[in-house]
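An overview of the molecular structure
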Amino acid sequence: MPLVLAHRGANKRAPQNTLPAFKKAVEFNADGIETDVHLSKDGEIVICHNYTIDATSDGKGLIDSYTCEQLKKFDFGSYFSDEFRGVTLPTLSECLDVVKGMKLINIEIKAPKTKNDLVKRTIEQVHKFNLQDSVIISCFNPECIRESKEIDPSIRTGLLYEDDDLGKEIMAFGVEKYCAQLNANAAHPDRKLITEDEVKRLHEMGMLVNVWTVNEKGDILRLTEWGCDALISDIPDYVIEVLKNR
């Protein structure tokens, strides 16, 4: 049975990448969460999917143009519903405090536009919470995967890929071979891009297959049948129900 990870928390039940969304994932008995990290202007690790705060807050601008204190003054809940008015952007530390008991915590590094120490600082936080056995660091940028392993060879990593130029290059080369070159522990494909044969090849090389974003019953059943290790979903409560009744 695959693990069920709440994508940006249970983001259809509460505003994405906020403490209420992570708490909902825990309440639903999801096996873990997926979340996204950036560095603020003053070097705090904060959680948001986009590089700007425009889509999910009452503010505008790049995350790295604000200090953490400034970011905390914006409302990250009202866009979702009045029930969550006043919800603020969380730090990675605040998130980990909520989800530290979960089986798998997928931290996606949002590859910085200019070089910084986001990867290093993130791994330090993982060690601070003693969550090395529960965390996997993922990224679309292979260099961040490589950097993670250079900083801590024991940290688990997952290569994200989608249907873009780099994703096509990865698939043409062979996902398992590309991951092996990076010493990655897992492939994190878009659900439309993985095949049953690729799952088998990755498993034969000792790698995990954690698939995103899995919300439809047909995808849930197909990917489970293929032996995927984790399903990353916006609606983890629904995925859990489908798996329970299959």
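Residues numbered from 1 in each chain as written. Predicted model: local features only at pLDDT ≥ 70, side-chain atom pairs only at ≥ 80, totals over all residues. Heavy atoms only, no water.

**Points about the overall build of the protein chain**
A count of helices and strands for the protein chain gives ten helices and nine strands. Taken over C-alpha atoms, the radius of gyration comes to 17 Å for the protein chain, in line with the 18 Å a tight globule of 246 residues would show. Across the 246 residues in the protein chain, those meeting the buried criterion constitute 53%. A separation of at least 24 residues holds for 56% of the contacts in the protein chain among residues at least 6 apart in sequence. A total of about 11000 Å² of accessible surface is found on the protein chain, and carbon and sulfur atoms cover 47% of it. Across the protein chain, 31 positive and 41 negative side-chain charges occur, with their mean positions spaced 2 Å apart. (Helix = DSSP H or I, 4+ residues; strand = E, 2+ residues; numbered from the N terminus. Rg over C-alpha atoms; globule rule 2.2 N^0.38 Å. Buried < 20%, exposed > 50% of the residue type's maximum accessible area, 1.4 Å probe, protein only. Contact = heavy atoms within 4.5 Å. Areas by Shrake-Rupley, 256 points an atom, 1.4 Å probe, with all protein chains shown as cover. Lys, Arg positive; Asp, Glu negative; His and termini not counted. Charge placed at Lys NZ, Arg CZ, Asp CG, Glu CD.)

**Description of helix H5 (residues 142-151)**
Among all positions of H5, only Pro-142, Cys-144, Ile-145, Glu-147, Ser-148 and Lys-149 are buried. The inward-facing, buried residues of H5 contact strand S4 (104-109), helix H4 (118-128), strand S5 (135-139), strand S6 (156-161), helix H6 (165-173) and helix H7 (175-181). For H5, the N-terminal capping position is held by Asn-141, with its side-chain oxygen 2.8 Å away from the main-chain nitrogen of Glu-143. (Polar contact = N/O pair within 3.5 Å; in protein donor to acceptor, adjacent residues only side chain to side chain.)

**Overview of the side chain of Glu-198**
Structurally, Glu-198 can be placed in helix H8 (residues 196-204). In this structure Glu-198 touches Val-175 and Leu-193, once residues within four positions along its chain are discounted.

**Some words on the pattern of salt bridges**
Counted according to the given criterion, the structure contains 16 salt bridges. Measuring nitrogen to oxygen at the nearest pair gives 3.1 Å for the salt bridge that ties Lys-115 to Glu-147. In this pair, Lys-115 sits in the loop between S4 and H4 while Glu-147 sits in helix H5, placing the two residues 32 residues apart along the sequence. We classify Glu-147 as buried; its relative accessible area is 16%. Within the structure, one salt-bridge network assembled from shared partners comprises Asp-36, Glu-108 and Lys-110. (Salt bridge = Lys/Arg side-chain N within 4 Å of Asp/Glu carboxyl O.)

**A closer look at helix H3 (residues 92-99)**
Residues of H3 that are buried: Leu-92, Cys-95, Leu-96 and Val-99. Axial view of H3: buried residues confined to an arc of 95 degrees, hence all on one face. Buried residues belonging to H3 abut helix H1 (19-27), strand S2 (32-39), strand S3 (45-47), S4 and H4. (Arc of directions from axis to C-beta.)

**A look at the pairing of S4**
It is a general feature of regular strands that their side chains alternate between the two faces of the sheet. By the criterion of burial, S4 is predominantly enclosed, with six of the six residues buried. Where S2 meets S4, six bridges bridge the pair, whose relative direction is parallel. The residue of S4 that forms the bridge with Thr-35 is Ile-107. Chirality of the crossover, the property in question, places the unit of S4, H4 and S5 among those that are right-handed. (Pairing = 2+ DSSP bridges. Right-handed = clockwise from strand over helix to strand, strands pointing away.)

**Focus: the packing of aromatic side chains**
In this structure the tally under the stated criterion is five aromatic pairs. On the numbers, 6.0 Å between centres and 85 degrees between planes, the contact of Phe-173 with Tyr-178 is edge-to-face. Here Tyr-178 falls in the buried class, since its relative accessible area comes to 12%. An aromatic cluster is built from Tyr-79, Phe-80 and Phe-84, whose rings are joined through pairwise contacts. Looking at Lys-177, its charged tip hangs above the ring of Phe-173, at a distance of 5.2 Å from the centre. (Phe/Tyr/Trp six-rings, centres within 6.5 Å; stacked < 30°, edge-to-face > 60°. Lys NZ or Arg CZ within 6 Å of the ring centre and 35° of its normal.)

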